[in-house]
Amino acid sequence: MKKKHIIFDFDGTIFNSNRVIVDSWQAVFRHYTGHEGDEKEIYHTFGETIRYTVQKFFPEADVDEAVKIYRAYQDAHYEGLVGLFDGTREMMDKMREGGHTLSVVTSRTKSTTLHYLAELGIQDYFDVLVTCDDTDRHKPDPEPLRMALRALSAEPEEAIMLGDTKFDIGCCNNAGVDSILVGWSHDIDETELEALGYQPTYRVKTPAEVLDLI
């Protein structure tokens, strides 16, 4: 496989924010329901935009208020709960050394993505950054990925995307881009993937396996 352009999802792929995301949603659940939500159901929302998940979990809530509660909790508690997944920095270093371009396509907001990229010291690794603020169409819609391809002046067959959720794989399938489903973040709901008809091109368990592929 020869791919010039490597595109990453952010949370759950490069950035290990799983615990603080779950805890932030639990803060919203406690506020609106008085109890915590089903953690498995929260994991199923990974890859969605915050506003979409609020409307799904709390249809009667004021969306702006719920987002504020979520972000306030995360801002106050992320320290010590987030970081790069083991081996991902070394993987990206090897990719850059090999002449690949690196980009991010995420459902996270631009401001928080830039904040965490700076905190992690990897803000200079990426040629293109596409966030939920850049389009009204979100994964699994192909538009965010197509935006990255246009910015790179790349054809779909020249790129491959790594992601950890059904939304990432669906986005790739819909855009005609090869995909790598990473298994170092959390368990994958295979039944849900099959029901949606999404199929990753490759599956890996470690960053080292990604390097073997490319």
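Parameters at a glance
- Sequence order as written defines residue numbering, which begins from 1 separately in each chain.
- Note on the predicted model: pLDDT of at least 70 is required for a residue's local features to be given, and 80 or more for side-chain atom pairs to be given and counted; whole-chain, interface and lining totals, by contrast, use all residues.
- Side-chain descriptors were evaluated using all non-hydrogen atoms of the structure, hydrogens and water having been removed beforehand.
- Put simply, DSSP H or I for four residues or longer makes a helix, DSSP E for two residues or longer makes a strand, and each gets a number counted from the N terminus.
- To estimate how far a helix should reach, multiply one less than its number of residues by 1.5 Å.
- Think of it in three bands: with a 1.4 Å probe and only protein chains considered, a residue is buried below 20% of the maximum accessible area for its type, exposed above 50%, and partly exposed in between.
- Contacts were defined at the residue level, with two residues in contact if any of their heavy atoms lie within 4.5 Å.
- Here a Phe, Tyr or Trp ring, Trp counted by its six-membered ring, pairs with any other such ring whose centre lies within 6.5 Å, and the pair is stacked when the planes are under 30 degrees apart, edge-to-face when over 60, and tilted otherwise.
- A ring has a charge above it when a Lys NZ or an Arg CZ is no more than 6 Å from the ring centre and no more than 35 degrees off the ring normal.
- Note on definitions: angles span 0 to 180 degrees between N-to-C directions of axes, and those axes are lines fitted to C-alpha atoms, for helices only across the stretch in contact.
- Oblique is the label for any angle not covered by the other classes, which are roughly parallel (under 35 degrees), roughly antiparallel (over 145) and roughly perpendicular (65 to 115).
- By convention, the crossing between two helices is left-handed when the near helix turns anticlockwise from the far helix through less than a right angle, and right-handed when the turn is clockwise.
- Charged residues are taken to be Asp, Glu, Lys and Arg, nonpolar residues to be Ala, Val, Leu, Ile, Met, Phe, Trp, Tyr, Cys and Pro, and polar residues to be all remaining types, Gly included.

**Here's the deal with helix α1 (residues 18–33)**
Link 1 in the chain: Compared with an ideal rise of 1.5 Å per residue, which puts 16 residues at 22 Å, α1 spans 22 Å between its outermost C-alpha atoms and is within 8% of the ideal.
Link 2 in the chain: N18, V20, I21, V22, D23, S24, W25, Q26, A27, V28 and F29 are the residues of α1 that are buried.
Link 3 in the chain: Turning to α1, the residues buried within the fold contact β2 (15–16), α2 (39–44), α3 (50–57) and α4 (63–77).
Link 4 in the chain: Of the residues flanking the end of α1, it is G34, one or two places downstream, whose phi is positive at about 85°.

**A closer look at the packing of aromatic side chains**
We describe a pair of aromatic rings using the distance from one ring centre to the other and the angle between the two ring planes.
Link 1 in the chain: Overall, the coordinates contain twelve aromatic pairs when judged by the stated rule.
Link 2 in the chain: Seen in terms of ring centroids, W25 and Y70 are 4.6 Å apart; in terms of plane orientation they differ by 50°. Their pairing is tilted. Of this pair, W25 sits in helix α1 while Y70 is found in helix α4, placing the two residues 45 residues apart along the sequence. Summarising the burial analysis for this pair, W25 and Y70 share the class buried.
Link 3 in the chain: Their ring planes at 65° and their centres at 4.8 Å tell us that F29 and F58 sit as a pair that is edge-to-face. Note that F29 is positioned in helix α1 and F58 in the loop between α3 and α4, a separation of 29 residues in sequence.
Link 4 in the chain: Positioned over the ring face of F57 is K56, at 5.9 Å from the centre of the ring.
Link 5 in the chain: Directly above the aromatic system of Y125 lies the positively charged group of R96, at a separation of 4.2 Å from the ring centroid.

**Topic: the packing of α1 against α4**
Link 1 in the chain: The N-to-C vectors of α1 and α4 enclose an angle of 135°; their axes lie 9 Å apart at closest approach. As far as their axial angle goes, α4 and α1 are oblique. Once α1 is placed against α4, the crossing between them reads as right-handed. Where α1 abuts α4, its residues V20, I21, D23, S24, W25, A27, V28, R30, H31 and Y32 lie against E65, A66, I69, Y70, Y73, Q74 and H77.
Link 2 in the chain: Each residue belonging to the contact of α1 with α4 can be placed in one class, and the counts come to ten nonpolar, four polar and three charged.

**Here we look at the environment of I188**
Link 1 in the chain: Counting through the fold element by element, I188 comes out in the loop between β7 (178–182) and α9 (190–196).
Link 2 in the chain: A relative accessible area of 25% places I188 in the partly exposed class.
Link 3 in the chain: Taking the C-alpha atoms as reference, I188 lies 9.7 Å from Y43; in sequence the two are 145 residues apart.
Link 4 in the chain: Residues in contact with I188, not counting those within four places in the same chain, are D164, L181, V182 and L193.

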